Amino acid sequence: MPNKRSGGGLSATQQAAKFLGVSVLAGAVAAGIALPAAGALGLAAKGSVEGFDEIPANLKRPPLSQRTTILDAKGGQIATVYSRDRTVVELKNISPYLQKAIVAIEDSRFYEHGAIDLKGVLRALNKNAQSGGVAQGASTLTQQYVKNVFVEEAGDDPTKVAQAQQQTVGRKVQELKYAIQVEEELGKKKILENYLNITFFGQQAYGAEAASRRYFSKAAKDLTLPQAALLAGLVQSPTRYDPVNDPAEAIKRRNTVLQRMAEVGDISQQQADAGKKAPLGLKVSQPKNGCIVAVKGASFFCKYVEREFLANPVFGKTREDRTKIWNQGGLTIRTTLDPQSQASVQASIKEHVNKSDSVATAVTLVEPGTGKILGMGQSKPYGYGKNETEINYSVGSDRGGSNFGFPTGSTFKPFVAAAALEEGRQPIQEYSSPYEMEYPSPVQTCSGKPWTNLENAKVENESESEKGPYRLRKAMELSVNTYFVQMISDIGLCPVVKMTDALHVTQGNGDKLPEVPAIALGSKGISPLTMASAYAAFASRGMYCTPIAIESITQKTNGQEKSLEVPKSTCSRAMSEKTADTISTLLQGVVDSGTGKAAGLTDGRDNAGKTGTTDERKNAWFVGYTPTLSGAVWVGSAMQNVKMTNIRIGGVFHELVFGGAVPGPIWKDAMTGALVGKDSGKFNLVPIIEPPVQKPGGNDDGRGDDDGDNNGNNNAGATNGGADNGGNTTFPPPTFSFPPGFVQGNDNGGNNGNGNGGNGGNGDGGNGGFP
């Protein structure tokens, strides 16, 4: 019985003998050498040969993982991402010095032997026997290449990587057989090229090109002799000979390589001596891997692109398939990001909100009619430190955003108005719109089961002065809550749900919006990208286009480039052109004279938008557009725990934050810069001709019923006009004809009314208005 270790393994001497027998046999096969009988070798190799024959004939060589480059729409680099920092290059683009240095120090007989170096094996036997194990494997460059293929195939799985690096007889047998195959298929030069592209040089650099750029900030083809010798010396132990952390050891190793090159005749002794005297000459480039180091403030957009790739079935049937392609890399991804728009977004954010503020802002710009995301940024940078975050506030949770999005406030109201217009309501639709009211009940839903106000919940307007009746234009300009709640009660919830479905408006977690009247007030969380894309449908006259971030992708594998299919924006009609144009007309009024006046563009461009502020001022929004650009701005706390009252944002004190005050100017500056030098087109506006709204006259205290801007000059008298103490009433020009039934008020009405409420008297003020 042969001696065995506990556990049944062969003894160290037997392992070494077995290894030698297999090595010699394999080498002989490769070299065509006839061997004497196995007994003449004194080796019990029969079992080993059987195992050798059972190994699959073909070595699977996976494409080498490389860096992926992400570009903006103009071709400018945003970021590089990789699981392994590697750029595959042809042998002609690698310095001859490095080619010779690697061969000299790792396998000086590389061009003389076959897959197996028999002399090396015999030399290794002595050391293995002395060590009592397999201390030296006599691996050729070809065998080392095969081992690196095993490691590459293992990817980032630590268990598989460990298995690929095991110094066992079984692993060596595999290496030997595959080395024979590789020698026959590839030849020496291709093996050397592959080896120099696959091997690890330390400092996260795989392959000669990445290593050269890491340590010397130059291409591999430009390496000098001392630099090439340094890199060649790293292969044996990248950590031990790391020139960044241990320059003394690195110099010793480099000089060993230089001397070996002289010994094998690759360089003269004089060249070797001169090289030994040269300084290391490092010019280290720090690794810039991943979206965290993206330029132009595009880290979150970069991460959005990555998540889109990993989630979209266009790039592979399963997430595992897509992850494999992403990790393999070698991709050049051209995105939709417009550098001008992105720069404008970042400049506006920097101007208005500090990253250290207790609240944050997120800004997203989208192109109507194409769905292209042109700009995306936020005030809290991408990172893991103080005032940094990994959460992309602009997108939904499926693409790295917040779990639920952010309540949108009154920016939701245009969806309700669009639904009502599609249902046949006119833009002069009038509702009583009191300051405060209970939610109307019951309200019809898509399910057929009406919503009922079981809790007697109430809704009120922003100001007590906001009380109707109102028509749609004024209600939109002033953002009158009770008007839009009454509108939903009138048309039912189902038309609103159908409209938001057509605009792909969902909650931040992807769930559909609930069928409750409170959605009219923006009570549910939605992402800025979703809002910008939905408003873009108004700009494109009713056509909704799904947002896209990727224009094209090319992949380089094995020296060949191919184009990958990318997701396309899907455009569909969400509403009629007339409805969209009417909404644009209404929202233009918001920026001209309504709550969004501070956001209105001042360069003569057509623009429209809507403000939004939520309960307790925890969120403030402005969403708006021109015919060629749509943008959404959110301001608030990601944790929804900051009430924006008596607060300092961007160094400016705000007693009360609302949509027009902080998000509005951010939107205005971002849009203005993005549109410089570009034609933004014209809206197709719809004339809205409406008779004056019938409103009560003044109150007993002489105060008007609304806060209009005509300072008491509106709708002075009416039927049963003001009685005693009238005066100071201003009437229309003489050419104006009062409608039938209109009776002018007396001269002595009060003079203190403000706006549409009329000029109430101090005593018996007029109750009238236009019929």
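Scroll up to find the structure.
Now for a quick tour of the structure. (Residues numbered from 1 in each chain as written. Predicted model: local features only at pLDDT ≥ 70, side-chain atom pairs only at ≥ 80, totals over all residues. Heavy atoms only, no water.)

## Thoughts on the overall build of the protein chain
Within the protein chain one finds 23 helices and 20 strands. Surface accessibility of the protein chain: about 33,400 Å² in total, with carbon and sulfur atoms responsible for 48%. (Helix = DSSP H or I, 4+ residues; strand = E, 2+ residues; numbered from the N terminus. Areas by Shrake-Rupley, 256 points an atom, 1.4 Å probe, with all protein chains shown as cover.)

## Things to note about the pairing of strand E14 (residues 560-564)
Sparse coverage of E14 is indicated by the burial of 0 of its 5 residues. Where strand E13 (residues 550-557) and E14 come together, 5 bridges link them in antiparallel fashion. Note on E14: the bridge partner recorded for Thr 554 is Ser 563. As consecutive antiparallel partners, E13 and E14 are separated by 2 residues, and within that stretch Asn 558 has a phi angle of approximately 50°, a positive value. (Buried < 20%, exposed > 50% of the residue type's maximum accessible area, 1.4 Å probe, protein only. Pairing = 2+ DSSP bridges.)

## Quick look at the pattern of salt bridges
Side chains carrying opposite charge are able to pair once their charged atoms draw close together. Under the definition given, this model contains 33 salt bridges. Put simply, Lys 296 and Asp 72 hold a salt bridge, and the shortest N to O gap is 2.5 Å. Of this pair, Lys 296 sits in the loop between helix H13 (269-277) and helix H14 (299-311) while Asp 72 sits in the loop between strand E1 (68-71) and strand E2 (77-81), placing them 224 residues apart in sequence. The salt bridge involving Glu 209 is made with Arg 213; its shortest N-O contact spans 2.8 Å. Placement of both Glu 209 and Arg 213 in helix H10 (residues 207-216) is noted, with a separation of 4 residues, approximately one turn of the helix. With relative accessibility at 42%, the residue Arg 213 sits in the partly exposed group. Here the salt bridges share partners, and the residues they tie into one network are Glu 430, Arg 471, Arg 473 and Glu 690. (Salt bridge = Lys/Arg side-chain N within 4 Å of Asp/Glu carboxyl O.)

## Considering the sheet that holds strand E17 (residues 619-626)
One open sheet holds the 5 strands; their spatial order is E5-E4-E18-E17-E16, and the pairing between them is antiparallel. Among the strands making up the open sheet, the edge pair consists of strand E5 (373-378) and strand E16 (608-613). Pairwise comparison of adjacent strand axes, ignoring direction, gives a mean angle of 5° for this sheet. With 5 bridges connecting them, strand E4 (residues 360-366) and E5 associate as antiparallel partners. If you follow Val 363 over to E5, its bridge partner there is Gly 377. (Axes fitted to C-alpha atoms, helices over the stretch in contact; angles between N-to-C directions.)

## A look at the environment of Lys 221
Note that Lys 221 resides in the loop between H10 and helix H11 (225-234). A residue is classified by how much of its surface remains accessible, and Lys 221, at 46% relative accessible area, is partly exposed. Taking the C-alpha atoms as reference, Lys 221 lies 8.2 Å from Glu 209; in sequence the two are 12 residues apart. Excluding its chain neighbours within four sequence positions, the residues that come into contact with Lys 221 are Asn 93, Ile 94 and Ser 95. (Contact = heavy atoms within 4.5 Å.)

## What about the packing of aromatic side chains?
Taken as a whole and judged by the stated rule, the model has 21 aromatic pairs. Measuring from ring centre to ring centre gives 6.1 Å for Phe 150 and Tyr 178, while their planes differ by 70°; the resulting arrangement is edge-to-face. Placement of the pair is Phe 150 in helix H6 (residues 141-154) and Tyr 178 in helix H8 (residues 169-186), with a sequence separation of 28 residues. You'll find Phe 150 and Tyr 178 in the same group, each marked buried. Their ring planes at 70° and their centres at 4.9 Å tell us that Tyr 431 and Tyr 483 sit as a pair that is edge-to-face. Note that Tyr 431 is positioned in strand E7 (residues 430-431) and Tyr 483 in helix H19 (residues 481-491), a separation of 52 residues in sequence. Just as Tyr 431 is buried, Tyr 483 falls in that class too. In textbook terms, an aromatic cluster arises when at least three aromatic residues are bridged by ring pairs, as seen for Phe 412, Phe 415, Tyr 535, Phe 538, Tyr 625 and Phe 683. (Phe/Tyr/Trp six-rings, centres within 6.5 Å; stacked < 30°, edge-to-face > 60°.)

## Section: the sheet that holds E1
Strands sit in the order E2-E1-E3-E13-E14 across an open sheet of 5 strands; the sheet is mixed. This sheet does not close on itself; its edge strands, each paired only once, are E2 and E14. Taken over all neighbouring pairs, the strand axes of this sheet differ in orientation by 20° on average, direction set aside. Here E1 pairs with E2 via 4 bridges, running antiparallel. By the bridge assignment, Thr 68 is partnered in E2 with Val 81. Sitting on the sheet, H14 touches E1, E2, strand E3 (331-335) and E13, and the angle it makes with E3 is about 115°.

## Looking at the packing of helix H4 (residues 96-106) against H11
Relative orientation of the contacting elements H4 and H11 amounts to 40°, with a least axis distance of 8 Å. One element, H4, and the other, H11, form an angle in the oblique class. For the element pair H4 and H11, the recorded crossing hand is right-handed. Counting all contacts with H4, which are made through Tyr 97, Leu 98, Ala 101, Ile 102 and Ile 105, the residues of H11 involved are Leu 225, Ala 228, Ala 229, Leu 231 and Ala 232. Residues that form the contact of H4 with H11 fall into these classes: 10 nonpolar, no polar and no charged. (Parallel < 35°, antiparallel > 145°, perpendicular 65-115°, else oblique. Left-handed = near helix turned anticlockwise from the far one by under 90°. Nonpolar A, V, L, I, M, F, W, Y, C, P; charged D, E, K, R; others polar.)

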